[in-house]
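# Structural overview for review
The residues making up each chain are set out below.
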Amino acid sequence: MSCEASTSGTAAAEEENEEEEEFVEVTLEIEDDDTVVLRSVEPATTTRTTSTTILNVETTSSGERTPASASRSPTMNRMSSSRWRQFSQELRSEAVARARQMKNELRRFSWSHAQAVRVLSTSRSNVAVAVDSATEARARRRQQAQLNRTRSGAQKALRGLRFISGKSNNGVDAWNQVQRNFEKLARDGFLHRSDFAQCIGMKDSEEFALELFDALRRRRSKVEKISKDELFEYWSQITDQSFDSRLQIFFQMVDKNEDGHINEEEVKEIIMLSASANRLSRLKEQAEEYAALIMEELDPQGLGYIELWQLETLLLQKDTYLSYSQALSYTSQALSQNLHGLRYKGRIHRWRMKFFYFLQDNWKRIWVLSLWIITMAGLFTWKFIQYKNKDAFKVMGYCLATAKGAAETLKLSMALILLPVCRNTITWLRSTRLSYFVTFDDSINFHKTIAAGIVVGVILHAGDHLSCDFVRLERSSPAMYYNNLRDFGETKPSYWSLVRGYEGVTGILMVILMAVAFTLATKWFRRSLIKLPKPFDRLSGFNAFWYSHHLFVIVYILLIIHGEKLYMVNKWYEKTTWMYLAVPVLLYAGERTLRFFRSGLYTVRLLKVAIYPGNVLTLKMSKPAQFHYKSGQYMFVQCPAVSPFEWHPFSITSAPGDDYLSIHIRQLGDWTTELRKVFSEVCEAPVAGKSGLLRADETTRRSLPKLLIDGPYGAPAQDYRKYDVLLLVGLGIGATPFISILKDLLNNVVKREEQQDQVPDLYPVENIDPPQSNKNPAKQKKMLKTRNAYFYWVTREQGSFDWFKGVMNEVTEFDHRGVIEMHNYLTSVYEEGDARSALITMVQALNHAKNGVDIVSGTKVRTHFARPNWKKVFSRLASKHANARIGVFYCGMPALATELSKLCNECNQRGTTKFEFHKEHF
């Protein structure tokens, strides 16, 4: 904005006894970039009245014209008359000198160039008119932007452009840490530019920190090292709570030539810098395209540069572009829920309610565990009392009774531990009424619980025999042995003869084999958390776990032999070990036999193989006619080229209605690493328009490796249909169980819309049944129960979004009702509001507004930065879906599972919405 500033009666009235002085009238024009242009200097008439000097005039949001100096430095509000006189004289001298210089230059032109001068002046006048028009248009935009900077916008701005994250920027403590870093890094009392990033806690974004250092030092002398006082000054500037101050620093980072303007090349450089700091390699490659996008938006007049206020406008108004894939609105929050949470409750009442909700969430687990514990306690007590009444008790005492009681519990535990791994049986039981009383989702946890019970039983049984019973028997007198222990033989055996017998050898071998299997099954070995030196490194990893667990075949053979060679038991029907094991062993053997024959029956043909970023292998194969599954289930896969024995489970990512099967496998262990290597050898670089880093299909020259499948098997996510609302949470490759669910829901949405198009409007929509489903209306009703689904995918790598890009695009294209809401979170990017991701957020908003595509995921689904605020997510869901039953399904690391489960319990206690938590096991 420009305005004319003049001195009307320029000098203040002097005292009458003072000598009259000469004054001038100065006309200045203040441009948009705050530069001052001298227009004229003319003599002014001296007056005796007091006058007000107007330096500049700005229009406020209320329409009043106020002195701009009021908003500037206080030193410019008042000036003495002597300073004004000096200033006026300097301006007049400069104006006269410039006028003489221009007059001399004009005389150099010849009259022969008069016509050329006229043509040139005409063209210049046209250009000047165009430039003036563009400048005026930009001035109007700036004025409008200032009017639009509301208080709410300012509040949003205060949360933006943070150079130091909120966790680190906590006042005195943060500065104290910076001081300690300075003491460690300083050399000769100075901190060098190369150490600045580490000193202020931005070691992970060193390039960005160095540009920040350069921007700050441009305000002072350009030095390569700073003192502690200068460091404090820098720290104060980057942690300043004023948004304008932080914006100015950010602008100076971009404006490297210090001309007050940002051109397209400078925008490109800062985009590349931000992409590098956030590990977005693809964004870095497209920096030139996005720089042009920003210039197109902020410089519609084509002046070739943007200014500070335009950058501010884009930052404050980016939320208007981010209207796609928004989170649930706060406006729908139920007041009754909030008031319910504010009511005072006594401690006893709170404990009672917590206990009530604990029982409500865990009653299935509680009664199953209680039944198992009671049964184990009953068996132990029965055998304990039985052997307490035997003659041998007089010699061996309570050691014998305890060992025999523990042995009876071991028989039951060794039988029950096979049932949770009978996957076909568990999958079938899920569809029966028994699923209302038994939580089959916890089958693996129950397997581990029984294993812990076996460990306790083995310690009691083997420990009492080896350290107590056999010792007392050996030390017993001949008379005591002859009267009470004749079941051990006519002659008293020695300790080592007892150990070398059938009972001792089989028992010790079982203990050793179970100890190996139990140790290698712990997460430290199974997940290779323990790094062992070669050649012992083979003892860690999934392969070691898988092979060691198959030692149970030998263990069960030894257990049957051990049970048939018991001391003090002679009648066959009293040897009950085989009775406990018969049914579970036959059931498990039948399941393995079924897998063997079914894997040969399910012949599949690989249709497509693709290797995506993040070492993810995608296999698309033909679907056998007999293979029927539900969304959320998984299947076992074997690749003979890798191992002819190993089967590994993977979630099915295709929908039941698809005519193919697909799985996504991430390289995490020995087997998956070798599998990726085998398929990499037959894959080729994809042609234009095809996805993946490497790719192969039926047209590939080399033959694809053979693949065997077995399944499907039940999983917690398959029960999603019984919930009104779904909250699906996947971490990284943990999104795979939910992709099939999203596809299935999308297919239902499309079918529902087709049905509504076919039926006249006079019939209610909810009564519509497709013609082909009249035979089973109950099934159709069950299919339409889920009203909404919210999918949260949290990943660390930008390339991960390529895995399911097609699914996300299909959801946004065909889900016109908004049944499915998708949220992508990229944790490698700094949270929204951080200066390192500020420009990325702006580009993301602009590109989606203009092209409808998210720059990070390459889909129509918005990508959020950092991690979700799960408490807000649950609160919004509870508010929007009051009295609904929400199924929370999670697949990922155990740490987040604990947090989500806790939030489910808290929300269940506060409101009327019921959350039920389910988690997948890797």
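Please refer to the structure placed before this passage.
What counts and what doesn't
Residues numbered from 1 in each chain as written. Predicted model: local features only at pLDDT ≥ 70, side-chain atom pairs only at ≥ 80, totals over all residues. Heavy atoms only, no water. Pairing = 2+ DSSP bridges. Helix = DSSP H or I, 4+ residues; strand = E, 2+ residues; numbered from the N terminus. Axes fitted to C-alpha atoms, helices over the stretch in contact; angles between N-to-C directions. Contact = heavy atoms within 4.5 Å. Expected span 1.5 Å × (residues − 1). Buried < 20%, exposed > 50% of the residue type's maximum accessible area, 1.4 Å probe, protein only. Polar contact = N/O pair within 3.5 Å; in protein donor to acceptor, adjacent residues only side chain to side chain. Salt bridge = Lys/Arg side-chain N within 4 Å of Asp/Glu carboxyl O. Phe/Tyr/Trp six-rings, centres within 6.5 Å; stacked < 30°, edge-to-face > 60°. Lys NZ or Arg CZ within 6 Å of the ring centre and 35° of its normal. Disulfide = S-S within 2.5 Å. 1 Å grid on protein atoms, 1.4 Å probe; cavity = no way out; pocket = protein on both sides within 12 Å on 5 of 7 lines; lining within 4 Å. Points joined across faces, edges and corners; volume = space filled by probe spheres on them. Nonpolar A, V, L, I, M, F, W, Y, C, P; charged D, E, K, R; others polar. Arc of directions from axis to C-beta.

Taken together, the 3 strands give an open sheet; going across it, the order is E11-E10-E14, and neighbouring strands pair in antiparallel fashion. A strand with exactly one partner marks an edge of an open sheet, and here the two such strands are strand E11 (648-651) and strand E14 (708-713). Taking the axes of each pair of neighbouring strands and ignoring which way they run, one obtains an average angle of 30 degrees across the sheet. Relative to E11, strand E10 (residues 634-638) is paired through 4 bridges, and the arrangement is antiparallel. Residue pairing across strands places Met635 opposite Phe650, the latter belonging to E11. Here helix H18 (residues 423-430) sits on the sheet and contacts E10 and E14; the angle it forms with E14, its principal contact strand, is near 35 degrees. Against the sheet, helix H26 (residues 577-601) makes contact with E10 and E14, and its axis sits at roughly 120 degrees relative to E14, the strand it touches most.

Below, the discussion takes up the sheet that holds strand E15 (residues 725-731). The strand order E18-E17-E16-E15-E19-E20 describes an open sheet built from 6 strands, whose pairing is parallel. Of all the strands in the sheet, the pair left with one neighbour each is strand E18 (863-865) and strand E20 (914-919). Each adjacent strand pair in this sheet contributes to an overall mean axis angle of 20 degrees, direction not counted. Bridge count between E15 and strand E16 (residues 788-795): 7 bridges; the pairing is parallel. Across the sheet, Val729 pairs through a bridge with Tyr792, a residue of E16.

Taking 1.5 Å as the rise per residue, helix H9 (residues 264-277) with 14 residues should run 20 Å; its terminal C-alpha atoms sit 20 Å apart, in good agreement. Among all positions in H9, only Glu266, Val267, Ile270, Ile271, Leu273, Ser274, Ala275 and Ala277 are buried. On its buried side, H9 packs onto helix H6 (206-217), helix H8 (243-254), helix H10 (281-285), helix H11 (287-298) and helix H31 (835-851). Its side-chain oxygen 3.2 Å from the backbone nitrogen of Glu265, Asn263 forms the N-cap of H9.

Let us now look at the pattern of salt bridges. Pairing is possible between side chains that carry opposite charge, provided their charged atoms lie close to one another. This model, assessed by the stated rule, comprises 13 salt bridges. Put simply, Arg193 and Asp214 hold a salt bridge, and the shortest N to O gap is 2.8 Å. Here Arg193 is found in the loop between strand E6 (191-192) and helix H5 (196-199), whereas its partner Asp214 is found in helix H6, with 21 residues between them in sequence. Take Asp214: its relative accessible area is 9%, and that puts it in the buried class. Notably, a salt bridge pairs Arg595 with Asp710, separated by 3.2 Å at the nearest N-O pair. Of this pair, Arg595 sits in helix H26 while Asp710 sits in strand E14, and the two are 115 residues apart along the sequence. Summarising the burial analysis for this pair, Arg595 and Asp710 share the class buried. When salt bridges with common partners are traced through the structure, they connect Arg595, Arg598 and Asp710 into a single cluster.

To describe a pair of aromatic rings, one takes the distance between the centres and the angle between the planes. What the rule picks out here adds up to 28 aromatic pairs. Relative to Tyr398, the ring of Phe384 lies with its centre 5.9 Å away and its plane at 20 degrees, an arrangement referred to as stacked. Within this pair, whereas Phe384 is found in helix H15 (residues 347-388), its partner Tyr398 is found in helix H17 (residues 398-416), the two being separated by 14 residues in sequence. Taking the relative accessible area as the measure of exposure, Tyr398 reaches 48% and is therefore partly exposed. With 5.3 Å between their ring centres and 80 degrees between their planes, Phe596 and Phe597 make a pair best called edge-to-face. Both residues of the pair, Phe596 and Phe597, count as exposed. Here a set of aromatic residues connected by ring pairs shows up, and it is made of Phe791, Trp793, Phe801, Trp803 and Phe804. Cation over ring: Arg526 sits above Phe545, and NZ or CZ is 5.8 Å from the ring centre. The cationic tip of Arg595 hangs over the ring face of Phe636; the distance from NZ or CZ to the ring centre is 4.5 Å.

Counted according to the given criterion, the structure contains 1 disulfide. A sulfur-sulfur separation of 1.9 Å characterises the disulfide bridge that pairs Cys399 with Cys468. Between Cys399 and Cys468, the disulfide has an S-S torsion of 75 degrees and is therefore right-handed. Taken as a pair, Cys399 in helix H17 and Cys468 in helix H19 (residues 443-475) lie far apart in primary sequence, 69 residues in all. Summarising the burial analysis for this pair, Cys399 and Cys468 share the class buried.

One pass over the full model with this rule turns up 5 cavities of 30 Å³ or more. Taken as a whole, the second largest cavity spans an internal volume of roughly 60 Å³. Lining the second largest cavity, in full, are Phe250, Val254, Ile262, Val267, Ile270, Ile294, Leu298, Ile306, Leu311, Leu314, Leu839 and Met842. Within the residue set of the lining of the second largest cavity, elements represented by two or more residues are H8, H9, H11, helix H12 (308-316) and H31. Of the residues contributing to the lining of the second largest cavity, the split by class is 12 nonpolar, no polar and no charged.

Taking 1.5 Å as the rise per residue, helix H25 (residues 552-564) with 13 residues should run 18 Å; its terminal C-alpha atoms sit 18 Å apart, in good agreement. Every buried residue of H25 is listed here: Val555, Tyr556, Leu558, Leu559, His562 and Gly563. Projected down its long axis, H25 shows its buried positions confined to an angular sector of 165 degrees, all on one face.

All right, on to the environment of Gln844 then. Its location among the elements puts Gln844 in helix H31. Relative accessible area serves as the criterion here: at 0%, Gln844 is assigned to the buried category. Placed 19 residues apart in sequence, Gln844 and Thr863 show a C-alpha to C-alpha distance of 8.7 Å. Side-chain polar atoms of Gln844 contact the side chain of Asp854, separated by 2.8 Å.

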